[in-house]
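As a plain string of letters, each chain reads:
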Amino acid sequence: MVGALVGALVPSACKKEEDDGFEPVDFSGGDETKSKTKTKKADPEPTPDPEPPTPDPKPAPTPAPRRPVTDDPINRHDTGYLRQRAQAVLADLVAALPEPQRSQMRPIPLGFDNRPGEVNAFAACVKGRAFMVMTDGLMEIQAQMARARAHDERFGTEKLDAYAALVARGQRRGQAVPRPPSNFYETAKDQDANKVARQRHLLDEGLAFVLGHELAHHYLSHTGCVGTDATALTPADIARAVTIKVPAFNQANELASDLYGIQNVLAAGRPKRPAWREDGALLTLRFFLEVRRAHGGGVLFDFESTHPHPDVRRPVVTQAAETWRRTGGQALPVLKLPKLR
Ligand SMILES: [Zn+2]
């Protein structure tokens, strides 16, 4: 178990996957498949926009039809791409934090746990130093829920619920997360450029929600690691930490992390085109609620027993996002509170 994690944490272990041509950047530049970021359903406004991008957060008109994306990393379940996106998203989140949290959290190691069937993310301390772990299983589910949702938005289907039912039916402890069968999508729709752009955007928003939440556990002093230098940790240190009991469930801490985490997502995503919103967060919560329903109401993944019910978290996310926008992007100050244990 630990060996698998160590392998995942050693940079060279995933180097090959990281060298497959996808840059750890946002979608504002690069090749044709990544540079077009208009992700809403087809917009009837055909007017070409000769102006350079402005700070206006409203989505711009969708450009002319684009060629199919035949090699999308989400469509082909590319774990290396998902890890790259997670690292890039985390860097954006940290950069958007106010001081002194930004300095305290930089750099913070993010480890990947590749044990099959593990669907989880957590923040913890080792030797008084902060780190975070995300499992490949959770990232795969986030990528596939983004794929399904983007398909539903574009083509009016119900792939998201079908994928949730597939996971609820097929998930087994210690086994890889079930994948949609090859006939789950029509190839032409699965490769549609607008739909692919939308799924990449939703994936980034979803990763940002999970990582922003875990990051908040650190700078809100839930883990006791604020202000420590994490650079001295070795992969073995972090691997060992996976066997340590994750802090007990604490609803107040969890909801505070959701509140600060989503505001961090919005701040980090403000310069993106289109800007990050809370859609990826709400998608993640909705999906796991749907899985729970389809599974008969029981807990299927470990993280469900360490986090509040999605019905409790959704209004917190929505309210925090609306407050952030209404106040012109003023995030809540980080208050010095006694540790809640
Ligand atoms: Zn949490």
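For the structure itself, consult the block above.
As a starting point, this report considers the structure included with it. (Residues numbered from 1 in each chain as written. Predicted model: local features only at pLDDT ≥ 70, side-chain atom pairs only at ≥ 80, totals over all residues.)

Assigned secondary structure in the protein chain consists of 13 helices and three strands. Across the 341 residues in the protein chain, those meeting the buried criterion constitute 42%. Within the protein chain, contacts between residues at least 6 apart in sequence are counted, and of these 78% link residues at least 24 apart. (Helix = DSSP H or I, 4+ residues; strand = E, 2+ residues; numbered from the N terminus. Buried ≥ 20, exposed ≤ 12 C-beta atoms within 10 Å, placed from the backbone. Contact = placed C-beta atoms within 7 Å.)

Judged by which residues are buried, strand β1 (residues 110–113) turns out to be covered on both faces: Leu110 and Phe112 on one side and Gly111 and Asp113 on the other are all buried. When β1 meets strand β3 (residues 129–135), the two strands line up parallel, connected through four bridges. Paired with Leu110 across the bridge in β3 is Met132. (Pairing = 2+ DSSP bridges.)

Under the 1.5 Å per step criterion, the end-to-end length of helix α12 (residues 279–294) is 22 Å for 16 residues, consistent within 8% with the ideal 22 Å. What α12 keeps buried is the set Gly280, Ala281, Leu282, Leu283, Thr284, Leu285, Phe287, Phe288 and Val291. Buried residues in α12 make contact with α6 (136–155), α7 (159–170), α9 (193–219), α11 (251–269) and α13 (310–326). Looking one or two residues past α12, Gly296 carries a phi angle of roughly 90°, positive in sign. (Expected span 1.5 Å × (residues − 1).)

Turning next to the nonpolar core. Grouped together as the largest cluster of nonpolar side chains are 73 residues, with contacts concentrated most on Ala86, Leu93, Met134, Ala208, Leu211 and Ile262. With 10 residues, the single largest contributor to this core is α9. Contacts of Leu211, omitting those with residues within four sequence positions, involve Ala86, Val89, Leu90, Leu93 and Met132. (Core = buried A, V, L, I, M, F, W, Y, C linked by C-beta atoms within 7 Å.)

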